[in-house]
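Topology and contacts: notes
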Amino acid sequence: HTFSVSQSLSASPLTQLTPVAVKAGMRLAQRLFSTGAGQTMDYDSIATTVFTPVEYGCVGLSEEEATKELGEDGLDVYHTLYTPLEWAPPTEQAAEQRAGRNAGATCFAKVLVARHEGSRVVGIHLVGEHAGEIVQGFALAVKHKISKQELDDLVGIHPTSAEVLTTLSVTKRSGVELKMSGC
């Protein structure tokens, strides 16, 4: 028998990531050569990040995928704009020194929720500093199919950018205009 694990087998960009290929290969080897059944690869909760000056991190479904899968009525999109504490200089002099870095930048957080499936979290998206680090931890929310209420019950560490994911209350459906928040 010949088996192949490759980064080019799928059209999905997420399955082409090196850590995904490594994990898939390990899972295949466990199933083939260990006693007992091994786990299959979970491709639905792969976190990824685009490493730009202001990072973008995501896990789970995109808003478009969630709308297609759940329908407009089956999806709630919780979102907010925010400014990390690190970007809020305490003095005018500090503001002038940091003017070039992230000047005028806004951070954004979005959590996608399946309304008719116990308000299950199906996607998390974050644009801001350390988005990759933050989304890596919150990937467990998608992997373990937690509800929006369970996410809300989490006590966020203050003042951090990750905290914003535990305090989202405005939905797109509400029609409430997003306003900047921060420490």
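Here goes a summary of the coordinates provided. (Residues numbered from 1 in each chain as written. Predicted model: local features only at pLDDT ≥ 70, side-chain atom pairs only at ≥ 80, totals over all residues. Heavy atoms only, no water.)

Overview of a negative patch on the surface
Convention followed: The residues that make up patches have over 30% relative accessible area and no salt bridge, and they are joined within 9 Å when like-charged or within 5 Å when they are Val, Leu, Ile, Met, Phe, Trp or Tyr. For the area figures, the Shrake-Rupley method with a 1.4 Å probe applies, and any residue is considered shielded solely by the protein chains shown. Here, a salt bridge means any Lys or Arg side-chain nitrogen found within 4 Å of an Asp or Glu carboxyl oxygen. As used throughout, the charge tally considers Lys and Arg to be positive and Asp and Glu to be negative, leaving His and the chain termini uncounted. To locate a charge, take atom NZ for lysine, CZ for arginine, CG for aspartate or CD for glutamate. Starting at the N terminus, helices and strands are each numbered in turn, a helix being any DSSP run of H or I of at least four residues and a strand any DSSP run of E of at least two.
Negative charge collects at one region of the surface, where Asp44, Glu64, Glu65 and Glu69 lie side by side. Looking at the element boundaries, Glu65 is found in helix H2 (residues 63-70).

Examining the layout of surface pockets
Operational definition: Using a grid of 1 Å spacing that covers the protein atoms alone, one calls a set of points a cavity when a 1.4 Å probe fits there but cannot get out, and a pocket when the set is open and has protein on both sides within 12 Å along at least five of seven lines; lining residues are those with an atom within 4 Å of a point. Grid points are joined across faces, edges and corners, and a volume is the space filled by probe spheres set on the points. Here the term charged refers only to Asp, Glu, Lys and Arg, the term nonpolar to Ala, Val, Leu, Ile, Met, Phe, Trp, Tyr, Cys and Pro, and the term polar to all other amino acids, Gly among them.
There is about 550 Å³ of room inside the largest pocket. Around the largest pocket, the lining comprises 19 residues; the ones closest to its centre are Val20, Ser45, Ile46, Ala47 and Gln136. Put simply, the parts of the chain that give the lining of the largest pocket at least two residues each are helix H1 (18-33), strand S1 (48-50) and helix H4 (131-143). Among the elements that make up the lining of the largest pocket, the one with the highest residue count is H4 (6 residues). Residue composition of the lining of the largest pocket, by class: 9 nonpolar, 5 polar and 5 charged.

Side note on the nonpolar core
Nonpolar side chains in soluble globular proteins generally cluster together in the buried interior. Filter applied, for reference: Residue types Ala, Val, Leu, Ile, Met, Phe, Trp, Tyr and Cys, when buried and joined through side-chain atoms within 4.5 Å, form a set referred to as a nonpolar core. Each residue gets one of three labels from its accessible area relative to the maximum for its type: buried under 20%, exposed over 50%, partly exposed in between, using a 1.4 Å probe on protein chains only. Pairs of residues are marked as contacts when any of their non-hydrogen atoms sit within 4.5 Å.
Of all hydrophobic cores here, the largest spans 24 residues; its most connected members are Val111, Val121, Ile124, Leu126 and Leu165. When residues of this core are traced back to their parent elements, those giving at least two are strand S3 (75-83), strand S4 (107-114), strand S5 (120-127) and H4. It is H4 that provides the largest number of residues to this core, a total of 7 residues. In this view, Leu165 contacts Ala109, Val111, Ile124, Leu126, Ile134, Phe138 and Leu151; residues no more than four positions away in its chain are not counted. Core analysis: the second largest hydrophobic core is formed by 8 residues, Leu61, Ala66, Val77 and Leu112 among them.

As for the packing of aromatic side chains
By convention here, two paired aromatic rings are described through the distance between centres and the angle between planes. To be explicit about the condition: Here a pair means two rings of Phe, Tyr or Trp (six-membered ring of Trp) with centres within 6.5 Å. Their orientation is stacked below 30 degrees between planes, edge-to-face above 60, and tilted elsewhere. Charges are assigned to positions over rings by a cutoff of 6 Å between ring centre and Lys NZ or Arg CZ, combined with an angular limit of 35 degrees from the ring normal.
What the rule picks out here adds up to 0 aromatic pairs. Over the face of the ring belonging to Tyr78 we find Lys148, whose NZ or CZ atom lies 4.3 Å from the ring centre.

Observations regarding H2
Filter applied, for reference: The arc under discussion is defined with respect to the helix axis, by the directions toward the C-beta atoms.
All of the buried residues in H2 are Glu63, Ala66 and Leu70. Down the axis, H2 shows its buried residues gathered within 60° of arc, on one side only. In H2, the exposed positions that point more than 90 degrees away from the buried face belong to Glu64, Lys68 and Glu69. Residues of H2 that are buried sit in contact with S3, S4 and S5.

Some details on the pairing of S5
Where a strand is regular, its side chains alternate between the two sheet faces. Our working definition: DSSP bridges decide pairing: two strands pair if at least two such bridges lie between them.
Here S5 lies mainly inside the structure; 7 of its 8 residues are buried. What sits between the antiparallel neighbours S4 and S5 is a turn of 5 residues, in which Gly118 has the positive phi angle 70°.

Let's talk about H4
Defined as follows: Given the number of residues in a helix, its expected span is that number minus one, multiplied by 1.5 Å. Here the bend at each residue means the angle between axes fitted to two seven-residue stretches, the one ending at that residue and the one beginning there.
The first and last C-alpha atoms of H4 sit 18 Å apart over 13 residues, in line with the 18 Å expected at 1.5 Å per residue. Gly137 marks where H4 bends most, by close to 35°. All of the buried residues along H4 are Ala131, Gly132, Ile134, Val135, Phe138, Ala139, Ala141 and Val142. Summarising the contacts, the buried residues of H4 are in contact with S1, strand S2 (56-60), S5 and helix H5 (148-153). Positive backbone phi, approximately 55°, marks Lys145, located one or two places after H4.

Regarding the pattern of salt bridges
A full pass over the atoms with the stated rule returns 7 salt bridges. Linking Lys172 and Glu63 is a salt bridge whose minimum nitrogen-to-oxygen distance equals 2.8 Å. Of the two residues, Lys172 sits in the loop between H5 and strand S6 (180-182) while Glu63 sits in helix H2, which places them 109 residues apart along the sequence.

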